[in-house]
Amino acid sequence: MPDNAGVLVPPPLIAAGVIVIGLLLDWVVPINALRAVLPTGPRMVVGIIVAASGLALLVPAMRSFRYAGTNPEPWKPSISLVTVGIFAWMRNPMYVGGILLLAGLAVLLASDWILVMTILSTAVLHFGVVTREERYLETKFGEVYRRYREQVPRYGWPRR
């Protein structure tokens, strides 16, 4: 058995696909809803805030992985389990950050289709990456990961 999560698609390829397909659809089948709903100035402000929020999750998460000496790429082996910093608040800050970054980019570019594709890509990310990573981490780190999973929410919102 390989020492990795066996993700279906690497998350950077999911993001690239969202952007390319979204822009292509904007060109072929324009909707222009974001332009109609948000004038340029407010749209830029909203887009920057959403994208910056994504980066505010992504950057410290990447630094935590590098500091711990483990691979942030889910197609490579996990050397250690990172549970500190932003990972004490949510188990998947890089994925939440990436989704926010894509959504912010969609708003900035007034790309309705990038926004739609971002929303649709969350299912691919969840089922094709996150759940596979969770199985892998439980197998690799056992009880330590199970305790962490019970204490820290997957995407940051509290459990009921």
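Residues numbered from 1 in each chain as written. Predicted model: local features only at pLDDT ≥ 70, side-chain atom pairs only at ≥ 80, totals over all residues. Heavy atoms only, no water.

### So, the pattern of salt bridges
Okay, so step 1: Tallied over the full model, the rule gives eight salt bridges.
Okay, so step 2: One salt bridge connects Lys 140 with Asp 3, and the closest N-O pair in it is separated by 2.9 Å. A residue pair is termed long-range when its members are at least 10 positions apart, and Lys 140 in helix α5 (residues 112-141) and Asp 3 in the segment before α1 (11-28) qualify at 137 residues.
Okay, so step 3: Put simply, Glu 73 and Arg 66 hold a salt bridge, and the shortest N to O gap is 3.7 Å. (Salt bridge = Lys/Arg side-chain N within 4 Å of Asp/Glu carboxyl O. Helix = DSSP H or I, 4+ residues; strand = E, 2+ residues; numbered from the N terminus.)

### Remarks on unusual backbone geometry
Okay, so step 1: With a phi close to 65 degrees, Asn 32 is a non-glycine residue in the positive phi region.
Okay, so step 2: Mapped onto the elements, Asn 32 comes out in the loop between α1 and α2 (33-37).
Okay, so step 3: The phi dihedral of Ala 110 is positive, around 55 degrees, even though this residue is not glycine.
Okay, so step 4: With respect to the element layout, Ala 110 can be found in the loop between α4 (93-109) and α5.

### Focus: the packing of α1 against α5
Okay, so step 1: As a packed pair, α1 and α5 sit with axes 8 Å apart at the nearest point and diverge in direction by 155 degrees. Our classification of the angle between α1 and α5 gives roughly antiparallel. Handedness of the α1/α5 crossing: right-handed. Where α1 abuts α5, its residues Pro 11, Ile 14, Val 18, Ile 19, Ile 21, Gly 22, Leu 23, Leu 25 and Asp 26 lie against Asp 112, Trp 113, Ile 114, Met 117, Thr 118, Ser 121, Val 124, Leu 125 and Val 129.
Okay, so step 2: Classifying every residue of the contact of α1 with α5 gives 13 nonpolar, three polar and two charged. (Axes fitted to C-alpha atoms, helices over the stretch in contact; angles between N-to-C directions. Parallel < 35°, antiparallel > 145°, perpendicular 65-115°, else oblique. Left-handed = near helix turned anticlockwise from the far one by under 90°. Contact = heavy atoms within 4.5 Å. Nonpolar A, V, L, I, M, F, W, Y, C, P; charged D, E, K, R; others polar.)

### Some words on the packing of aromatic side chains
Okay, so step 1: Evaluation of the coordinates by the stated rule reveals three aromatic pairs.
Okay, so step 2: When the ring of Tyr 145 is compared with that of Tyr 148, the centres are 6.2 Å apart and the planes differ by 55 degrees; the resulting orientation is tilted. Of this pair, Tyr 145 and Tyr 148 both sit in helix α6 (residues 143-151), three residues apart, which is roughly one turn of the helix.
Okay, so step 3: The exposure class of Tyr 145 is buried, given its relative accessible area of 2%.
Okay, so step 4: Tyr 148 sits in the buried class, given a relative accessible area of 6%.
Okay, so step 5: With centroids separated by 5.6 Å and ring planes inclined at 40 degrees, the aromatic side chains of Tyr 155 and Trp 157 adopt a geometry described as tilted.
Okay, so step 6: Trp 157 sits in the exposed class, given a relative accessible area of 59%. (Phe/Tyr/Trp six-rings, centres within 6.5 Å; stacked < 30°, edge-to-face > 60°. Buried < 20%, exposed > 50% of the residue type's maximum accessible area, 1.4 Å probe, protein only.)

### Regarding a nonpolar patch on the surface
Okay, so step 1: Residues Leu 8, Val 9, Leu 13 and Val 124 make up a contiguous nonpolar surface patch of about 350 Å² in total accessible area.
Okay, so step 2: With respect to the helices and strands, the residue Val 9 is situated in the segment before α1.
Okay, so step 3: Its relative accessible area of 30% is what places Val 9 among the partly exposed residues. (Patch = residues over 30% accessible without salt bridge, like charges linked within 9 Å, V, L, I, M, F, W, Y side chains within 5 Å. Areas by Shrake-Rupley, 256 points an atom, 1.4 Å probe, with all protein chains shown as cover.)

### Here's the deal with the environment of Asp 26
Okay, so step 1: For Asp 26, the position within the fold is in helix α1.
Okay, so step 2: The spatial distance from the C-alpha of Asp 26 to the C-alpha of Arg 147 is 45 Å, given a sequence separation of 121 residues.
Okay, so step 3: Among residues more than four places away in sequence, those in contact with Asp 26 are Ser 111, Asp 112, Trp 113 and Ile 114.

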